[in-house]
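Listed here are the chains, written in short residue letters.
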Amino acid sequence: MQPHAPLIRAKGEGEVVGQVQPSLRPEISAAYSPARKLLVLGSITARPRMPRPKGGEGNDFKFEVDNFRTLQYEVGLGGYLPLAKSWTVQLIAGAGDAHVRRQVVEPAIIFGGFSADFEARYRKVFGQLGFNYQHNHAAIGFGYRMTNVVFRQLDMQKTCGDYAFYELPLPNQMRHEPYGFFRTSLGKPLNKSCWEFQGAGTVSICPRNRSTSNNDIYLDYTQNTSILISLGAVYFFQ
């Protein structure tokens, strides 16, 4: 999920964020300051299986249902400290839970291709340090989140060849996630109750994990990097 770094600098301020990933996965996040320098946060995202173009000729255009679906949520608690007139530093800790299913297909080049459905259920804990700068009608923010994912379930069902089923021996995964965002208000200055537009991005990096194995499968994965980008709207209130 996209890290949430609210533009909150005083007690009683809050915001609600709605944003969409390129995969058409929406996220809703909220944050509020019930006491001076205290933050409470919550986020949720969900995506059902959706139709996608399959091709065809002429008017015979076909669709198929993809196999990407997810339901995730997280909650957090933290603090903020206004620095000078426009800067704010935040420190946030939180936890969450997720269920994800998606299909991975690698086309055949020399030998047979690969196709499999993966399913994961996991919980996560994270810590986040961020800095925000706001001035009049615009703001930027950047920071770093470290996330530890602990799998309750991680398995693979091959959808070609021998159709074998494997439980993957990966107990946890550590991810390093630098992030940044830009906001601009639609009318009033950012420190007033108003609507805002936001663009955000995160680079999620998982270092290489040591090899693990069980009686059925041997697993050794290299470093992998994914990029999250989103566009959305924010309502800030005080």
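Relevant structure appears above.
Residues numbered from 1 in each chain as written. Predicted model: local features only at pLDDT ≥ 70, side-chain atom pairs only at ≥ 80, totals over all residues. Heavy atoms only, no water.

Asks: What is the right way to read the overall build of the protein from this model?
Replies: In terms of regular secondary structure, the protein is built from zero helices and 15 strands. Look at the contacts in the protein between residues 6 or more apart in sequence, and 61% of them connect residues 24 or more apart. Of the roughly 13100 Å² of accessible surface on the protein, a fraction of 61% belongs to carbon and sulfur atoms. (Helix = DSSP H or I, 4+ residues; strand = E, 2+ residues; numbered from the N terminus. Contact = heavy atoms within 4.5 Å. Areas by Shrake-Rupley, 256 points an atom, 1.4 Å probe, with all protein chains shown as cover.)

Asks: Looking at this structure, I do not really get the nonpolar core. What am I missing?
Replies: The tendency in soluble globular proteins is for nonpolar side chains to be buried as a group. If you look at the biggest cluster of nonpolar residues, it comprises twelve residues: Phe68, Ala98, Val100, Ala116, Ala120, Tyr122, Val149, Phe151, Leu154, Met156, Leu168 and Leu170. Taken together, the elements giving at least two residues each to this core come down to β7 (87-106), β8 (114-135) and β9 (138-158). A per-element tally of this core places β9 first, with four residues. With eight residues, the next largest nonpolar core counts Ile8, Ala31, Leu39 and Tyr80 among its residues. (Core = buried A, V, L, I, M, F, W, Y, C linked by side-chain atoms within 4.5 Å. Buried < 20%, exposed > 50% of the residue type's maximum accessible area, 1.4 Å probe, protein only.)

Asks: Just checking my understanding: could you explain the packing of aromatic side chains for this structure?
Replies: With the rule as written, the count across this model stands at six aromatic pairs. Residues Tyr122 and Phe151 carry aromatic rings whose centres are separated by 5.7 Å and whose planes lie at 70° to one another, so their mutual orientation is edge-to-face. Here Tyr122 is found in strand β8, whereas its partner Phe151 is found in strand β9, with 29 residues between them in sequence. Residues Tyr122 and Phe151 agree in their burial class; the two are buried. What links up through ring pairs into an aromatic cluster is the set Trp87, Phe131, Tyr133 and Phe142. The side chain of Arg102 reaches across the aromatic face of Phe68, ending 4.3 Å from its centre. Positioned above the aromatic ring of Phe126, the side-chain terminus of Arg145 is 3.7 Å from the ring centre. (Phe/Tyr/Trp six-rings, centres within 6.5 Å; stacked < 30°, edge-to-face > 60°. Lys NZ or Arg CZ within 6 Å of the ring centre and 35° of its normal.)

Asks: Would you take a moment to explain the pattern of salt bridges for this structure?
Replies: Summed over all chains, the structure comprises nine salt bridges. Two residues, Glu119 and Arg101, come together in a salt bridge whose shortest N-O distance is 3.9 Å. Placement of Glu119 in strand β8 and of Arg101 in strand β7 is noted, with a sequence separation of 18 residues between them. For Arg101, a relative accessible area of 23% corresponds to the partly exposed category. Arg121 is the partner of Glu119 in a salt bridge, and the nearest nitrogen-oxygen pair spans 3.7 Å. Judged by relative accessible area, which is 15%, Glu119 ranks as buried. Connected through shared salt-bridge partners, Glu15, Arg183 and Glu196 make up one network. (Salt bridge = Lys/Arg side-chain N within 4 Å of Asp/Glu carboxyl O.)

Asks: Got a minute to help me understand the pairing of strand β1 (residues 14-20) in this structure?
Replies: Side-chain direction in a regular strand flips from residue to residue, so the side chains alternate between the two faces of the sheet. Direction of pairing for β1 relative to strand β2 (residues 26-32): antiparallel, over a ladder of seven bridges. Residue pairing for β2: Gly18 is matched across the bridge by Ile28. Pairing analysis gives seven bridges linking β1 to strand β15 (residues 224-237), with the strands arranged antiparallel. Across the sheet, Val16 pairs through a bridge with Tyr235, a residue of β15. (Pairing = 2+ DSSP bridges.)

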